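Given next are the chains, with one letter for each unit.
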Amino acid sequence: MITRLRNASWSLGHLGIGFFGLIAGILLLLGLYGWWQIDKIGRVLDRQEALLARQEAEEAVMSMVDRLQLAAQALARWNDTQQQLRTRRPDYLIWLNQRLQQAAILPPHIDGVSLYDKAGRSLTPASHDTVMPTHLPVKPDGILIRRTQGESRLYYFFPIVAEGAGNQLLGYGGLSFDLLALLRAERSFRFVDPSSLGL
């Protein structure tokens, strides 16, 4: 009988250890499952945040492009602009450097402006230092982004037609500014880290 009790106690000890081992295994599996679920949710949230950041950046760029198009329309409709293209007056640089600045038609962040003839050649003399290309690099009503000298310049080229003259093409206009610098300066982003913006 004593032998039976000794065997039973030994058996109860093993059962106790087995029971605690089973509980520990279940807790370990629950912990691993919980960690896996948290990791999975974290990855989903990271993907959603990346999508929201991309959407936020796209909306900011589209907003700037919309404002740029409005500025281009104002410049194209301005009588002085149309006169410059009609008559090719020798005072183009005066118009560009003084009259255009005084008229305050364009937002201050636009630091590149040029008019182009019907063939797409710039009216700006080659000797004048400018950020604008000497020829139209894209079809009018087109946007071009170039990365040069630490800047990401956005160029917008557009046709200029004579007001009230059957929409006769007079030439083209071009506007430019540093896109990334303006995005960083003007926008407060919720999902985008402004220092991470790049092309």
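It should be noted that the structure appears before, not after, this text.
Right, let's walk through the structure included here.

Conventions we followed
Within every chain, residues take consecutive numbers counted from 1 along the sequence as written. Reporting of local features is limited, given that this is a predicted model, to residues whose pLDDT is at least 70; pairs of side-chain atoms are given and counted only at 80 or more, and all residues count toward the totals for whole chains, interfaces and linings. Water and hydrogen atoms were dropped before computing side-chain values, which therefore reflect all heavy atoms in the structure. Helical segments are the DSSP runs of H or I of at least four residues, strand segments are the runs of E of at least two, and each set is numbered from the N terminus. For every residue, the accessible area obtained with a 1.4 Å probe (protein chains only) is divided by the maximum for its type, and the residue is called buried under 20%, exposed over 50%, and partly exposed between those limits. Think of it this way: DSSP has to see at least two bridges between two strands before they count as a pair. For helices, the fitted axis covers only the stretch in contact; all axes are lines through C-alpha atoms, and the angles between them, taken along N-to-C directions, range from 0 to 180 degrees. Residue contacts are defined here by distance: any two heavy atoms, one from each residue, within 4.5 Å place the two residues in contact.

Another point: unusual backbone geometry. Positive phi, close to 55°, is recorded for Ala104, a residue that is not glycine. Mapped onto the secondary structure, Ala104 falls in the loop between α3 (92-103) and β1 (112-116). By relative accessible area, Ala104 is classed as exposed at 59%.

Sheet architecture is open: 4 strands sit in the order β1-β4-β3-β2, paired in antiparallel fashion. Both edges of this open sheet fall to β1 and β2 (142-148), since each of them pairs with a single strand only. Taking the axes of each pair of neighbouring strands and ignoring which way they run, one obtains an average angle of 20° across the sheet. In this sheet, strand β4 (residues 169-178) lies alongside strand β3 (residues 151-161) in antiparallel orientation, the contact comprising 9 bridges. Across the sheet, residue Leu154 finds its bridge partner in β4, namely Phe177. The strands touched by helix α2 (residues 79-87) are β1, β3 and β4; relative to β4, the strand with the most contacts, the crossing angle is about 125°.

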